[in-house]
Number of protein chains: 2
Amino acid sequence: MIIVLERRGNMAEIKFSRQREAIQKELCGRKDHPTAEDLYAKIRIEHPNISLGTVYRNLHQMAENGKILCIAREGCPVRFDGNPAPHYHLACTACGRVLDVEMPFMHELDISAAAATGGEIHAHSVLFTGLCADCISKH
Amino acid sequence: MIIVLERRGNMAEIKFSRQREAIQKELCGRKDHPTAEDLYAKIRIEHPNISLGTVYRNLHQMAENGKILCIAREGCPVRFDGNPAPHYHLACTACGRVLDVEMPFMHELDISAAAATGGEIHAHSVLFTGLCADCISKH
DNA sequence: GTCATTGCAAAACGTTTGCATGAAT
DNA sequence: ATTCATGCAAACGTTTTGCAATGAC
């Protein structure tokens, strides 16, 4: 299997589009981590003609360009994060939400990993699993 | 969306099966992180009648019971890890492989995250992104 | 005898793609 | 005029499911 991670094919220009603008605005205006369908549903209110394919295409492009993050989990649709700065996430086992965890990001981990592997680490993503504060207090 | 993470429905008995045994043996006998299809293809050599559904069902059950780990990434089929002890992974951007990273696991991160969220952290999974040693040296 | 597990094939799901049209530069 | 982006609908790859049959206990 070949993993294609190349940035946009050599120097193709990115043209403005209403749709991309709407997606970007919607995603960056929220602090949760919506799925493509979530965004599609929301954006459709103001842009009734937008298509799901366009949402996916743009999310993909934005991720390639480092403008957003993707959060993948077993058995769940991918979630997107409008904040591209590396940070931690918590997947709550009770309510199913994915939340940001406000703690300092350990860039040192990348250094340790690079030392351990002899390779070159570009990023690390961390997903905590557990109960969020809301779910703890509700019970 | 409701996330179902419950362990096996109250106290249903787990009965032995040849197929599960083969899956367990195959997965735990290797240090890479195969997909369900990979395992299916391999196991089919000795158990020609096994079905892909059975492979998925058993992997799911084993994951629920904490016998194996799942590694999910955007755009890739889920990979399974026969070693359920918490540890780190590297996804190589050049060759596409997912490798173990031999470095001490930071349980302290869970404590920091619990403090930061006010919740209860059960685990954390880390996926590094970068180049593995093989790909660095090949270039 | 009971109930978990299987194989099979169909369906579900999330996502990607081809193509003709439209919009941005 | 060029070429990037869009909407649509069809296709894709992965995973799950219903069901009747089999196997474990």
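Residues numbered from 1 in each chain as written. Chains lettered and ligands numbered in written order. Predicted model: local features only at pLDDT ≥ 70, side-chain atom pairs only at ≥ 80, totals over all residues. Heavy atoms only, no water.

Peer 1: In this structure, what is going on with the protein's contact with DNA strand C? I would like to understand it.
Peer 2: What surrounds DNA strand C is a group of 25 residues, the closest being Y56(A), S17(B), Q19(B), R20(B) and T54(B). Counting only atoms of DNA strand C within 4 Å of the protein, the sugar-phosphate share comes to 76%. The contact in question runs from a phosphate oxygen of DNA strand C to an N or O atom on the backbone of I50(B), over 3.5 Å. Between DNA strand C and N58(B) there is a distance of 3.1 Å, counted from a phosphate oxygen to a side-chain nitrogen or oxygen. (Near = heavy atom within 4 Å. Polar contact = N/O pair within 3.5 Å; in protein donor to acceptor, adjacent residues only side chain to side chain.)

Peer 1: Any chance you could explain the interface of chain A and chain B here in plain terms?
Peer 2: By a widely used convention, the size of an interface equals the accessible area lost when the partners come together. Contact with chain A, which involves 41 residues of that partner, is made by 42 residues of chain B. Buried surface at the junction of chain A and chain B, both sides included, amounts to about 3,400 Å², of which 69% is carbon and sulfur. The interface formed by chain A and chain B includes 0 salt bridges. If you look at where chain A meets chain B, you find 8 residue pairs in polar contact (both at pLDDT 80 or more). Only β1 (69-73), β2 (76-81), α4 (108-117), β5 (120-131) and α5 (133-138) of chain A provide two or more residues apiece to the side of chain A that touches chain B. Looking at which element gives the most residues to the side of chain A that touches chain B, the answer is β5(A), with 12 residues. (Contact = heavy atoms within 4.5 Å. Buried area = accessible area lost by both parts, 1.4 Å probe. Salt bridge = Lys/Arg side-chain N within 4 Å of Asp/Glu carboxyl O. Helix = DSSP H or I, 4+ residues; strand = E, 2+ residues; numbered from the N terminus.)

Peer 1: What is the right way to look at the sheet that holds strand β3 (residues 88-92) of chain B in this model?
Peer 2: Strands pair in a sheet through their backbones, by hydrogen bonds, and they do so in one of two ways: parallel or antiparallel. Read across the open sheet, the 6 strands follow the order β4(A)-β3(A)-β5(A)-β5(B)-β3(B)-β4(B); overall the sheet is mixed. The open sheet is flanked by β4 (98-101) of chain A together with β4 (98-101) of chain B, the only strands paired with a single partner. Looking at each pair of strands side by side, their axes are set apart by 30° on average, direction ignored. Two strands pair when backbone bridges link them, and strand β3 (residues 88-92) of chain A and β5(A) are joined in this way by 4 bridges, in the parallel orientation. Residue pairing for β5(A): A91(A) is matched across the bridge by T129(A). Seen against the sheet, α4(A) touches β5 of chain A together with β3, β4 and β5 (120-131) of chain B and runs at an angle of roughly 120° to β5(A). Taken strand by strand, helix α4 (residues 107-117) of chain B contacts β3, β4 and β5 of chain A together with β5 of chain B, and its axis lies near 120° from that of β5(B). (Pairing = 2+ DSSP bridges. Axes fitted to C-alpha atoms, helices over the stretch in contact; angles between N-to-C directions.)

Peer 1: Which parts of the structure should I look at to understand the pattern of salt bridges?
Peer 2: Opposite charge on two side chains permits pairing when their charged atoms draw close. If you walk through the whole model with that rule in mind, you get 8 salt bridges over all chains. Between E26(B) and R30(B) there is a salt bridge whose closest N-O contact spans 2.8 Å. Note on E26(B): relative accessible area 16%, which makes it buried. By relative accessible area, R30(B) is classed as partly exposed at 23%. The partner of R97(B) in a salt bridge is D134(B), and the shortest N-O contact between them spans 3.0 Å. With a gap of 37 residues between them, R97(B) in the loop between β3 and β4 and D134(B) in helix α5 (residues 133-138) connect regions that are remote in the sequence. Through salt bridges with shared partners, one network takes in E26(A), R30(A), D32(A) and K42(A). (Buried < 20%, exposed > 50% of the residue type's maximum accessible area, 1.4 Å probe, protein only.)

Peer 1: I keep staring at the protein's contact with DNA strand D and nothing clicks. Help me out?
Peer 2: For DNA strand D, the set of nearby residues contains 24 residues, the closest of which are K15(A), S17(A), Q19(A), T54(A) and Y56(B). One of the side-chain N or O atoms of R20(A) is found 3.0 Å from a phosphate oxygen in DNA strand D. Within the side chain of Y56(B), an N or O atom sits 2.3 Å from a phosphate oxygen of DNA strand D. Counting residues per element, the ones that place at least two in the surface near DNA strand D are α1 (18-28) and α3 (52-64) of chain A together with α3 (52-64) and β2 (76-81) of chain B. Examining the composition of the surface near DNA strand D, we find that 5 residues originate from one element, α3(B), more than from any other. Of the residues in the surface near DNA strand D, the class split is 7 nonpolar, 9 polar and 8 charged. (Nonpolar A, V, L, I, M, F, W, Y, C, P; charged D, E, K, R; others polar.)

Peer 1: When you look at the relation of the copies chain A and chain B in this model, what are you seeing that I'm missing?
Peer 2: Mapping between the two chain copies consists of a rotation about an axis together with a translation along that axis. Taken as rigid bodies, chain A and chain B are interconverted by a rotation of 179° and an axial shift of 0.0 Å, the fit giving an RMSD of 0.1 Å. Here the two chains are linked by the operation of a two-fold rotation axis. No C-alpha of chain A lies nearer the rotation axis than that of V126(A), which sits 2.3 Å from it. A shared interface surface links the copies, since 100% of the contact residues of chain A are contact residues in chain B too. (Least-squares fit on C-alpha atoms with pLDDT ≥ 70 in both.)

Peer 1: Just checking my understanding: could you explain the pairing of β5(B) for this structure?
Peer 2: Across a regular strand the side chains alternate sides, sitting on one face of the sheet and then on the other. Examined bridge by bridge, β5(A) and β5(B) share 11 bridges and lie antiparallel to one another. Looking at β5(B), one finds that L127(A) is bridged to S125(B).

By themselves these figures say nothing about function.
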